[in-house]
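# Working through the structure, step by step
Listed below, chain by chain, are the residues.
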Amino acid sequence: MPTSSSPLPAATHQLPLRVRATLLLWALVPAVAIVALAAYAVQSGREQHGRRAELLSQNLASALDNTVGAEVAKLDIALVTISDLAQQQLAARGLDLPALTKVVQAQRQRHPELSGIRVLDAQGITLVGDNRPGEPPINLADRDWFITQRGNTSGGLVMSQPLQRKIDGVWVVSFSRRITDAQGRLAGVVSAAMSLQSLQRHLQAVDVGPHGVVMLRDRAHRMLVRHTRDAGPAAMPVGSREMPPALRQALDSGAEQGNVQAEHTPDGFVRTIAFHTVHNLPLRVVVGLASQDYLADWYGERRLVAGASGGFLLLYGAGLALLWRGSGRMRQAQQRIRLLADAF
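If you walk through the whole model with that rule in mind, you get five salt bridges. A salt bridge links Glu71 to Lys74, with the nearest nitrogen and oxygen atoms 3.8 Å apart. Remark: Lys74 and Glu71 occur in helix α2 (residues 17-92); sequence separation between them is three residues, near one turn of the helix. The partner of Glu256 in a salt bridge is Arg219, with the nearest N and O atoms 3.8 Å apart. Of the two residues, Glu256 is situated in the loop between α6 (245-252) and β9 (257-262) and Arg219 in the loop between β7 (213-218) and β8 (223-227); the sequence distance between them amounts to 37 residues. For Arg219, a relative accessible area of 40% translates into the label partly exposed.

Written as structure tokens, this is what we have:
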């Protein structure tokens with residue numbers, strides 16, 4: 001007859017293997033659920049931050065689109081004023097250059113952002129503008145915008161590609177309007193040059209974060225101005241057509257506006273990019289928000305969720321271990337009581 005101090009056989013106080021496996025699986029269900037919920041929360045948070053970045057980039061691009069469009073519209077009013085006056089003079093007694101000069105000077109005072117306003121004849125010779133005393137008049141017949149105006153029967157506003165002035169090396173874009181005679185033939189062109197630096201000031205007012213970027217490009221993808229806080233490898237020359245493949249594909253599709261996710265950028269940052277085409281102009285506004293900027297809060301949320309989930313799993317595992325050991329001891333105690341009861 002065994003005594004109370006005799007060791008119990010292992011099989012007498014252990015649950016069957018199938019029962020233990022079932023209990024273990026049920027115990028793992030809450031842990032798996034917590035991990036799944038944590039993963040879902042983290043992924044949902046990232047997607048939400050991504051959607052916010054898309055919306056913010058679109059809003060910034062739209063605002064800059066309106067700003068640049070309004071700036072060019074003011075310039076166009078000056079060109080239309082001079083063009084209308086020139087056409088009225090042609091329909092009357094011919095061009096009155098002193099009167100045109102006064103109007104040009106008045107418009108330059110109203111629009112200091114313009115680096116030059118010129119009136120050219122049909123051969124591209126400057127009649128009013130930057131001619132120097134004692135030197136032949138400047139001939140601009142070879143400029144792309146003047147060549148375009150020769151065939152621009154619609155009379156709309158024409159913007160040039162970025163040009164570097166020979167006098168001081170300043171980069172500008174020229175906007176021009178056609179002057180026609182009474183028969184609708186080309187009688188001249190009025191043009192105004194705007195420095196890219198004046199456009200740059202509008203870009204600097206847009207907050208795109210430490211690694212974001214904002215730029216203006218023309219329809220030929222040439223870069224006019226670009227602004228970013230990171231001035232290192234982010235710098236790009238005027239006229240550069242380098243851009244992320246995803247953005248190039250979207251622009252080539254003919255879309256007037258949209259969003260793309262750029263994984264491969266010239267400066268190495270992953271960005272959510274929005275683009276807008278400025279109304280009635282060959283200009284595109286491009287705003288890019290870097291993922292490491294707009295996901296900064298999400299990284300903190302991910303660490304918080306991971307820490308909370310890990311802490312819960314650790315406490316849950318420790319509780320299960322204590323419960324398992326306690327239940328084992330209870331089974332041993334019950335077995336000893338039964339043995340004692342059988343003995344007596």
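The subject of this paragraph is empty space enclosed by the protein. A probe as big as a water molecule, rolled over the atoms, marks out the empty space that is left. Overall, the coordinates contain one cavity of 30 Å³ or more when judged by the stated rule. Surrounding the largest cavity, 16 residues form its lining, Val213, Met215, Arg226, Pro244 and Arg271 being those nearest its centre. When contributions to the lining of the largest cavity are tallied by element, the ones reaching two or more residues are β7, β10 (271-277) and β11 (283-290). In terms of residue class, the lining of the largest cavity is built from ten nonpolar, two polar and four charged.

The element β8 is largely enclosed, with a buried count of five among its five residues. What sits between the antiparallel neighbours β7 and β8 is a turn of four residues, in which His221 has the positive phi angle 75°.

Counting 43 residues, the largest nonpolar core has Val119, Phe175 and Leu216 as the members making the most contacts within it. Broken down by element, this core gets its largest block of residues, eleven residues, from α2. Ignoring any residue separated from it by four or fewer positions in sequence, one finds Leu216 in contact with Val68, Leu199, Leu203, Arg222, Met223, Leu224, Val225, Arg284 and Val285. Ranked by size, the runner-up nonpolar core spans 13 residues in total, among them Met223, Ala250, Leu251 and Val260.

With that out of the way, let us pick up a nonpolar patch on the surface. There is a patch of nonpolar side chains on the surface, built from Leu25, Leu28 and Val32 and spanning about 290 Å² of accessible area. Position of Leu25 among the secondary structure elements: in helix α2. A relative accessible area of 59% places Leu25 in the exposed class.

Let us now look at the confidence of the model for the protein chain. When the pLDDT values of the protein chain are averaged, the result is 83; 86% of them are 70 or greater. Low confidence marks residues 1-6, where pLDDT is under 50. Its contacts with residues over four positions away, or in another chain, come to three contacts. Under a pLDDT of 50 for its full length, residues 8-13 has, in the predicted model, eight contacts with residues more than four places off or in other chains.

For Gly317, the position within the fold is in helix α8 (residues 296-343). For the pair Gly317 and Ala31, spaced 286 residues apart in sequence, the C-alpha separation works out to 8.7 Å.

Okay, helix α3 (residues 97-110) next. Owing to its 3.6 residues per turn, the α-helix aligns residues three or four sequence positions apart on the same side. Compared with the 20 Å implied by 1.5 Å per residue over 14 residues, the 20 Å span of α3 between its first and last C-alpha is a close match. Burial in α3 covers these residues: Leu100, Val104 and Gln107. Buried residues of α3, seen end-on, are gathered within an arc of 65° and therefore sit on one face of the element. In this structure, α3 carries Pro98, Lys102 and Gln109 as exposed residues pointing more than 90 degrees from its buried face.

Here we come to the packing of aromatic side chains. Applying the stated criterion to the full structure yields two aromatic pairs. Considering the side-chain rings of Trp145 and Phe146, the 6.4 Å spacing of their centres and the 80° angle between planes classify their relative orientation as edge-to-face. For Trp145, a relative accessible area of 1% corresponds to the buried category. For Phe146, a relative accessible area of 0% translates into the label buried. Measuring from ring centre to ring centre gives 5.4 Å for Trp298 and Tyr299, while their planes differ by 55°; the resulting arrangement is tilted. Its guanidinium or amino end placed over the ring of Trp298, Arg46 lies 5.1 Å from that ring's centre, counting from NZ or CZ.

As a further point, take the sheet that holds β10. Pairing in this open sheet of five strands is antiparallel, and the strands run β8-β7-β11-β10-β9 from one edge to the other. Unpaired on one side and paired on the other, β8 and β9 mark the two borders of the sheet. Strand-to-strand, the axes of this sheet are offset by a mean angle of 15°, without reference to chain direction. Bridge count between β9 and β10: six bridges; the pairing is antiparallel. For Val260, the partnering residue across the bridge sits in β10 and is Ile273.

Quick notes on the rules
- Residues numbered from 1 in each chain as written.
- Predicted model: local features only at pLDDT ≥ 70, side-chain atom pairs only at ≥ 80, totals over all residues.
- Heavy atoms only, no water.
- Salt bridge = Lys/Arg side-chain N within 4 Å of Asp/Glu carboxyl O.
- Helix = DSSP H or I, 4+ residues; strand = E, 2+ residues; numbered from the N terminus.
- Buried < 20%, exposed > 50% of the residue type's maximum accessible area, 1.4 Å probe, protein only.
- 1 Å grid on protein atoms, 1.4 Å probe; cavity = no way out; pocket = protein on both sides within 12 Å on 5 of 7 lines; lining within 4 Å.
- Points joined across faces, edges and corners; volume = space filled by probe spheres on them.
- Nonpolar A, V, L, I, M, F, W, Y, C, P; charged D, E, K, R; others polar.
- Pairing = 2+ DSSP bridges.
- Core = buried A, V, L, I, M, F, W, Y, C linked by side-chain atoms within 4.5 Å.
- Contact = heavy atoms within 4.5 Å.
- Patch = residues over 30% accessible without salt bridge, like charges linked within 9 Å, V, L, I, M, F, W, Y side chains within 5 Å.
- Areas by Shrake-Rupley, 256 points an atom, 1.4 Å probe, with all protein chains shown as cover.
- pLDDT = per-residue confidence, 0-100.
- Expected span 1.5 Å × (residues − 1).
- Arc of directions from axis to C-beta.
- Phe/Tyr/Trp six-rings, centres within 6.5 Å; stacked < 30°, edge-to-face > 60°.
- Lys NZ or Arg CZ within 6 Å of the ring centre and 35° of its normal.
- Axes fitted to C-alpha atoms, helices over the stretch in contact; angles between N-to-C directions.

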